[in-house]
Amino acid sequence: MNAGALLTSDYVIVAPDASISIDSAEAWAGVVWRIGSRALRLHIEGKTTFTAEEALREGLIDEIADDPAPLAGSRSAMALDSAALLITSRGGDALERAEFARLFAAGEPQIGLRAFLEKKRPSFIGMLVAQKL
């Protein structure tokens, strides 16, 4: 995985055998976004490739999972994105109402409720938040 993907990720889960590579200016920007000035130490040391364990220790990723895909599919990616937006912004009630309406318009709550009533695991159709990298 190129560390540039860290720029667009709120929470990063990788497989145990993943390798994270800092091989471009975009990748370094992702590293700086994730770990701030500690990226300077990595740059000075010339460290550009990390195992999953090393990346976790350095703060480049948040979690290591054997199969991260079920984590994404069992939750609504749209709802998780909305929650992240509401947690990190100060949009207030207007933004919360807008996000609520967006989720209902997309059918996400209906999928979850149907799965609950049928005693099945939900399968959300929105974008995946966690990808197997």
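Before reading further, recall that the structure is shown in the block above.
Residues numbered from 1 in each chain as written. Predicted model: local features only at pLDDT ≥ 70, side-chain atom pairs only at ≥ 80, totals over all residues. Heavy atoms only, no water.

Asks: Teacher, can you tell me more about a nonpolar patch on the surface here?
Replies: Together, Leu113, Phe116 and Leu117 make up a nonpolar patch on the protein surface, roughly 370 Å² of accessible area in all. On the secondary structure map, phenylalanine 116 appears in helix α7 (residues 108–117). Look at phenylalanine 116 and you get exposed, because its relative accessible area is 63%. (Patch = residues over 30% accessible without salt bridge, like charges linked within 9 Å, V, L, I, M, F, W, Y side chains within 5 Å. Areas by Shrake-Rupley, 256 points an atom, 1.4 Å probe, with all protein chains shown as cover. Salt bridge = Lys/Arg side-chain N within 4 Å of Asp/Glu carboxyl O. Helix = DSSP H or I, 4+ residues; strand = E, 2+ residues; numbered from the N terminus. Buried < 20%, exposed > 50% of the residue type's maximum accessible area, 1.4 Å probe, protein only.)

Asks: Explanation requested: unusual backbone geometry in the structure shown.
Replies: Most peptide bonds take the trans form, and the phi angle of most residues other than glycine is negative. A positive phi angle is found at lysine 119, which is not glycine, with a value near 55°. Counting through the fold element by element, lysine 119 comes out in the segment after α7. Looking at lysine 119, the relative accessible area reads 77%, which means it is exposed.

Asks: For this particular structure, what's the right way to read the pattern of salt bridges?
Replies: Any two side chains of opposite charge can pair if their charged atoms end up close together. Across all of its chains, the model carries six salt bridges by this definition. In this structure, glutamate 54 engages lysine 47 in a salt bridge whose closest nitrogen and oxygen atoms are separated by 3.4 Å. Its relative accessible area of 23% is what places glutamate 54 among the partly exposed residues. In this structure, glutamate 99 and arginine 102 form a salt bridge, with 3.0 Å as the shortest nitrogen-oxygen distance. Separated by three residues within a single helix, glutamate 99 and arginine 102 lie in helix α6 (residues 92–106), roughly one turn from each other. One network of salt bridges, with partners in common, ties together Arg41, Glu45 and Glu58.

Asks: It is not clear to me how α7 should be interpreted in this structure. Could you clarify?
Replies: Since the α-helix packs 3.6 residues into each turn, any two residues three or four apart lie on the same face. Glu108, Ile111 and Ala115 are the residues of α7 that are buried. The buried residues of α7 all sit within an arc of 60° when viewed along its axis, so they share a single face. Those residues of α7 that are exposed and aimed more than 90 degrees away from the buried face are Phe116 and Leu117. Of the surrounding elements, those touching the buried residues of α7 are α5 (77–88) and α6. (Arc of directions from axis to C-beta. Contact = heavy atoms within 4.5 Å.)

Asks: Is there a simple way to think about the packing of helix α1 (residues 25–35) against helix α2 (residues 38–45) in this case?
Replies: Each pair of packed helices gets described by two things: the angle between the helix axes and the distance between those axes. Between α1 and α2, the shortest axis-to-axis distance is 8 Å and the interhelical angle comes to 140°. Relative to α2, α1 is oriented oblique. Residues Trp28, Val31, Val32 and Ile35 of α1 lie in contact with α2, whose contacting residues are Arg38, Ala39, Leu42 and His43. (Axes fitted to C-alpha atoms, helices over the stretch in contact; angles between N-to-C directions. Parallel < 35°, antiparallel > 145°, perpendicular 65-115°, else oblique.)

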